[in-house]
Amino acid sequence: MDNEAITAGASGKRLGAAMLGLLHSHIELFGIELQEQKGRTLKLLLFAGLALVFALLLLTALSGLLLVLLWDSYRLAGIIGLCVFYGAATVYCGLRLKAAVFDESSPFSSTLEELAKDRERLLP
């Protein structure tokens, strides 16, 4: 009976060490994914900001060019046309932004998948 208690204690220690090893690897994976997500987010914000600045500069220049070309004969129609175009573009971009915000996938999907696999392996 004494050997059984020692064997059970050793099994418990091995199980505990295995669980700590699994937990450690999952936390490490979570940290790696968090760093990758942080870098990706900063890069996206930088390029989105630059694209927005250059797009606004281009839009301003093209609007000015169009109004200069139409100024003598179609001044009011040109201004109204630009306003309608900008309004429609704003609504379209707002709807796309809303869809992108609500359809985002989980940033830690690999960690969640590994936890689900471990749960399946450990449970009978």
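Residues numbered from 1 in each chain as written. Predicted model: local features only at pLDDT ≥ 70, side-chain atom pairs only at ≥ 80, totals over all residues. Heavy atoms only, no water.

By the naming in an unreviewed UniProt entry, the protein chain is Phage holin family protein, taken from Pseudomonas urmiensis.

Novice: Would you explain the overall build of the protein chain in this entry?
Specialist: On a plain count of helices and strands, the protein chain comes out with three helices and zero strands. Put simply, the protein chain runs from its N terminus to its C terminus through helices and strands in the order α-α-α. Per-residue burial over the protein chain gives 6% buried out of 124 residues. Surface accessibility of the protein chain: about 10,500 Å² in total, with carbon and sulfur atoms responsible for 72%. (Helix = DSSP H or I, 4+ residues; strand = E, 2+ residues; numbered from the N terminus. Buried < 20%, exposed > 50% of the residue type's maximum accessible area, 1.4 Å probe, protein only. Areas by Shrake-Rupley, 256 points an atom, 1.4 Å probe, with all protein chains shown as cover.)

Novice: Can you help me understand the UniProt feature "transmembrane region" (unreviewed entry) in the protein chain in this one?
Specialist: The residues that UniProt annotates with the feature "transmembrane region" (unreviewed entry) are residues 44–70 and 76–95. From the first C-alpha to the last, residues 44–70 spans 38 Å; its make-up is 100% helix and 0% strand. With 100% helix and 0% strand, the stretch residues 76–95 has end C-alpha atoms that lie 29 Å from each other. (UniProt positions renumbered as here; feature names shortened; annotations may be inferred.)

Novice: Is there a simple way to think about the packing of aromatic side chains in this case?
Specialist: Two descriptors summarise a pair of aromatic rings, namely the distance from one centre to the other and the angle between the planes of the rings. For the structure shown, the criterion picks out one aromatic pair. Between phenylalanine 85 and tyrosine 86, the aromatic rings sit 5.7 Å apart at their centres with planes inclined by 55°, giving tilted as the arrangement. Above the face of the tryptophan 71 ring, arginine 75 is positioned so that its terminal group lies 4.6 Å from the ring centre. (Phe/Tyr/Trp six-rings, centres within 6.5 Å; stacked < 30°, edge-to-face > 60°. Lys NZ or Arg CZ within 6 Å of the ring centre and 35° of its normal.)

Novice: Help me out: how do you make sense of the confidence of the model for the protein chain in this one?
Specialist: Low-pLDDT portions of the prediction should not be read for the details of their coordinates. Here the protein chain averages 82 in pLDDT, and 85% of its residues register 70 or above. The element-level mean pLDDT for the protein chain is lowest in helix α3 (residues 109–122), coming to 73, with helix α2 (residues 75–102) highest at 90. (pLDDT = per-residue confidence, 0-100.)

Novice: How should I be thinking about the side chain of serine 63 in this particular structure?
Specialist: Note on placement: serine 63 falls in helix α1 (residues 2–70). A relative accessible area of 11% places serine 63 in the buried class. Not counting residues within four places of it along the chain, the set of residues in contact with serine 63 comprises Leu82 and Tyr86. (Contact = heavy atoms within 4.5 Å.)

Novice: Just checking my understanding: could you explain a nonpolar patch on the surface for this structure?
Specialist: Together, Leu46, Phe47, Leu50, Val53, Phe54 and Leu57 give the surface a local cluster of nonpolar side chains, amounting to about 630 Å² of exposed area. One can find leucine 46 in helix α1. (Patch = residues over 30% accessible without salt bridge, like charges linked within 9 Å, V, L, I, M, F, W, Y side chains within 5 Å. Salt bridge = Lys/Arg side-chain N within 4 Å of Asp/Glu carboxyl O.)

Novice: Just to check I follow, could you spell out the environment of leucine 23 for this structure?
Specialist: The residue leucine 23 is located in helix α1 in this model. Separated by 92 residues in sequence, leucine 23 and leucine 115 have C-alpha atoms that sit 9.2 Å apart.

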